[in-house]
Amino acid sequence: MNREKVQIFDTTLRDGEQVPGCKLDTKQKLVIANRLDEMGVDIIEAGFPVSSPGDFLSVSEISKVVKNAVVCGLTRAVKNDIDVAAEALKYAKRPRIHTGIGTSESHIIHKLNTTREDIIARAKFAVSHAKSYVEDVEFYAEDAGRTDNEFLARVCEEVIKSGATVLNIPDTTGYCLPEEYGAKIKYLKENVKGIENVILSCHCHNDLGMATANSIAGAINGARQIECTINGIGERAGNTALEEVVMIFKQHPYLNLDTNINTRQLNEMSRLVSESMGMMVQPNKAIVGANAFAHSSGIHQDGVIKNRATYEIMDPLDVGVNESSIVLTARSGRAALAYRAKKVGYELTKVQLDVVYVEFLKFADIKKEVIDDDIHQIIEVCIMNKEMLLN
């Protein structure tokens, strides 16, 4: 069966850059944009042009160099925002304007102090005005996750009539459960006239740790674009992690969903963004964390050494990691010690291994991790204490 494509909309350079202290200059953004393009990202959200001269410049310069991906600029449902975005995107081969407005009761009453009818009117104007500049217009219904489904469907129908090509249904606050978010996408697929002519998009935040799960639930229920960032960076607790979404589809082929991402570039891309932003990736981060393919438990190490598939569902090469790592700690067993000793030149017999293992545990109880140099030292101590140990 042919697998349907889910477009990857990367917002590392826009939503990802909203992390406090993670500001990038134009040169850094150009490097990241080029690498995203090479990796196979379908849409690059390059920035929010009206927000600052620097962001305008970055969007403009990225528009000049990106060869394959759509280049997108964010706006509010404000005429000047859209005019400025159109100017910034004028060099793009494939430009998109991303405009929208809040649709939840909380946003309508407390943030915008207006009415539902006014929201619809402003949404229609924004899409129509953006459409006068570019063919590809994405509309976002901010806080759609907490928006009544019937009203959300009304808004979607009206902006489709006004020319929207993509409908972004954000769980802006990261509140939804996967079942709720998936049901919301399904409701729109079944109740919005003209929905078959546009792409539904997921933009999920991670406040409750469910951004990736919600995005996958959205795709299962008909969304064909996922908005995400490298390493899951973004406002507050972050966004859906690009690397997680891509590998979930790859590891679950029965979903019949796929992306254009070259997954072997994921690890290197993660490091580039981390180093550029000065934001460390947590070691236990899925897919790209330092410990994602590391094993320190003796039980797990024994299994992995015998057959990698016992404890790894992915081949590390598929995400750009050369090999799994067997980390020696006090929890490691003889199999792991023998494996690592062989890597540094020692082929230990069972008797020799038993002797060396006793000395190893003494080291391991003192140090957090036993490294290659320590193995040499442990064996030297054993040779001194046990004559002809290695003969």
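As the structure is a prediction and not an experimental result, all values here were calculated from the model.

## Description of unusual backbone geometry
Part 1 of the reasoning: The backbone of Asn 256 shows a phi angle near 60°, a positive value even though the residue is not glycine.
Part 2 of the reasoning: Mapping Asn 256 onto the fold places it in the loop between helix 9 (242–251) and strand 10 (257–258).
Part 3 of the reasoning: Its identity as a non-glycine residue notwithstanding, Ile 287 has a phi of 75°, on the positive side.
Part 4 of the reasoning: Position of Ile 287 among the secondary structure elements: in the loop between helix 10 (266–277) and strand 11 (294–295).

## Examining the domain arrangement of the protein
Part 1 of the reasoning: The assigned domain composition of the protein is domain 1 (4–277) and domain 2 (294–385).
Part 2 of the reasoning: Taken over C-alpha atoms, the centre of domain 1 sits 45 Å from the centre of domain 2.
Part 3 of the reasoning: Contact with domain 1, which involves seven residues of that partner, is made by seven residues of domain 2.
Part 4 of the reasoning: Both sides together, the interface formed by domain 1 and domain 2 hides about 630 Å², and carbon and sulfur atoms give 52% of it.
Part 5 of the reasoning: Taken together, the links from domain 1 to domain 2 amount to one salt bridge.
Part 6 of the reasoning: Between Arg 264 and Asp 318 there is a salt bridge, with its nearest N and O atoms 3.8 Å apart.
Part 7 of the reasoning: Summed over the shared surface of domain 1 and domain 2, the result is four residue pairs in polar contact (both at pLDDT 80 or more).
Part 8 of the reasoning: Contributing elements (two or more residues each) for the side of domain 1 that touches domain 2: helix 9 and helix 10.
Part 9 of the reasoning: By residue number, the principal contributor to the side of domain 1 that touches domain 2 is helix 9, which donates three residues.
Part 10 of the reasoning: The residue makeup of the side of domain 1 that touches domain 2, split by class, is two nonpolar, three polar and two charged.

## Some points on the UniProt feature "domain: Pyruvate carboxyltransferase" (unreviewed entry) in the protein
Part 1 of the reasoning: In the numbering used here, UniProt assigns the feature "domain: Pyruvate carboxyltransferase" (unreviewed entry) to residues 6–267.
Part 2 of the reasoning: Annotated as residues 6–267, this span is 42% helix and 18% strand, and its ends, taken at the C-alpha atoms, are 21 Å apart.

## Observations regarding the nonpolar core
Part 1 of the reasoning: Within the largest apolar cluster, 87 residues are counted, with the highest numbers of intra-cluster contacts made by Met 39, Phe 139, Leu 167, Ile 169, Leu 242 and Phe 249.
Part 2 of the reasoning: Structurally, this core is a two-domain feature, drawing no fewer than three residues from each of domain 1 (4–277) and domain 2 (294–385).
Part 3 of the reasoning: Those residues in contact with Ile 169, other than ones at most four positions away along the chain, are Ala 144, Leu 152, Cys 156, Tyr 181, Lys 184, Ile 185, Leu 188, Leu 200, Ser 201, Cys 202 and His 203.

## So, the pairing of strand 7 (residues 166–171)
Part 1 of the reasoning: Counting buried residues in strand 7 gives six out of six residues, a clear majority hidden from the surface.
Part 2 of the reasoning: Going residue by residue along strand 7, you find Val 166, Asn 168 and Pro 170 tucked away on one face and Leu 167, Ile 169 and Asp 171 tucked away on the opposite face as well.
Part 3 of the reasoning: Sheet analysis places strand 6 (residues 136–142) next to strand 7, joined by three bridges and oriented parallel. Paired with Glu 138 across the two strands is Val 166, which belongs to strand 7.
Part 4 of the reasoning: Crossover handedness for the path strand 6 to helix 6 (residues 149–161) to strand 7: right-handed.
Part 5 of the reasoning: Strand direction decides the pairing type here: strand 7 and strand 8 (residues 199–204), joined by six bridges, are parallel. Its bridge partner being in strand 8, Asn 168 is matched across the sheet by Ser 201.
Part 6 of the reasoning: Between the parallel pair strand 7 and strand 8, the chain is carried across by helix 7 (residues 178–191), and the sense of this crossover is right-handed.

## Notes on the layout of surface pockets
Take a probe with the size of a water molecule and roll it over the atoms, and the empty space left behind shows itself.
Part 1 of the reasoning: Taken as a whole, the largest pocket holds about 490 Å³ of empty space.
Part 2 of the reasoning: Considering the residues around the largest pocket, the lining is formed by 24 residues, among which Arg 14, Leu 74, Lys 111, Tyr 140 and Glu 142 are closest to the centre.
Part 3 of the reasoning: Every element with two or more residues in the lining of the largest pocket is listed here: strand 5 (95–102), strand 6 and strand 7.
Part 4 of the reasoning: Among the elements that make up the lining of the largest pocket, the one with the highest residue count is strand 5 (four residues).
Part 5 of the reasoning: Its residues assigned to classes, the lining of the largest pocket comprises eight nonpolar, eight polar and eight charged.
Part 6 of the reasoning: Looking at the second largest pocket, its volume works out to about 350 Å³.
Part 7 of the reasoning: What lines the second largest pocket is a set of 25 residues, among which Asn 231, Gly 232, Ile 233, Gln 282 and Lys 285 lie closest to the centre.

## A word on the pairing of strand 5
Part 1 of the reasoning: Counted residue by residue, strand 5 has seven buried out of eight residues, so it is predominantly covered.
Part 2 of the reasoning: Pairing of strand 4 (residues 70–74) with strand 5, which is carried by four bridges, proceeds in the parallel orientation. Bridging from a neighbouring strand, Val 71 pairs with Pro 95 of strand 5.
Part 3 of the reasoning: Chirality of the crossover, the property in question, places the unit of strand 4, helix 3 (residues 79–88) and strand 5 among those that are right-handed.
Part 4 of the reasoning: As judged from the seven bridges shared by strand 5 and strand 6, these two strands associate in the parallel manner. By the bridge assignment, Gly 100 is partnered in strand 6 with Tyr 140.

Conventions and cut-offs
Residues numbered from 1 in each chain as written. Predicted model: local features only at pLDDT ≥ 70, side-chain atom pairs only at ≥ 80, totals over all residues. Heavy atoms only, no water. Helix = DSSP H or I, 4+ residues; strand = E, 2+ residues; numbered from the N terminus. Domains from an automatic or database assignment. Contact = heavy atoms within 4.5 Å. Buried area = accessible area lost by both parts, 1.4 Å probe. Salt bridge = Lys/Arg side-chain N within 4 Å of Asp/Glu carboxyl O. Polar contact = N/O pair within 3.5 Å; in protein donor to acceptor, adjacent residues only side chain to side chain. Nonpolar A, V, L, I, M, F, W, Y, C, P; charged D, E, K, R; others polar. UniProt positions renumbered as here; feature names shortened; annotations may be inferred. Core = buried A, V, L, I, M, F, W, Y, C linked by side-chain atoms within 4.5 Å. Buried < 20%, exposed > 50% of the residue type's maximum accessible area, 1.4 Å probe, protein only. Pairing = 2+ DSSP bridges. Right-handed = clockwise from strand over helix to strand, strands pointing away. 1 Å grid on protein atoms, 1.4 Å probe; cavity = no way out; pocket = protein on both sides within 12 Å on 5 of 7 lines; lining within 4 Å. Points joined across faces, edges and corners; volume = space filled by probe spheres on them.

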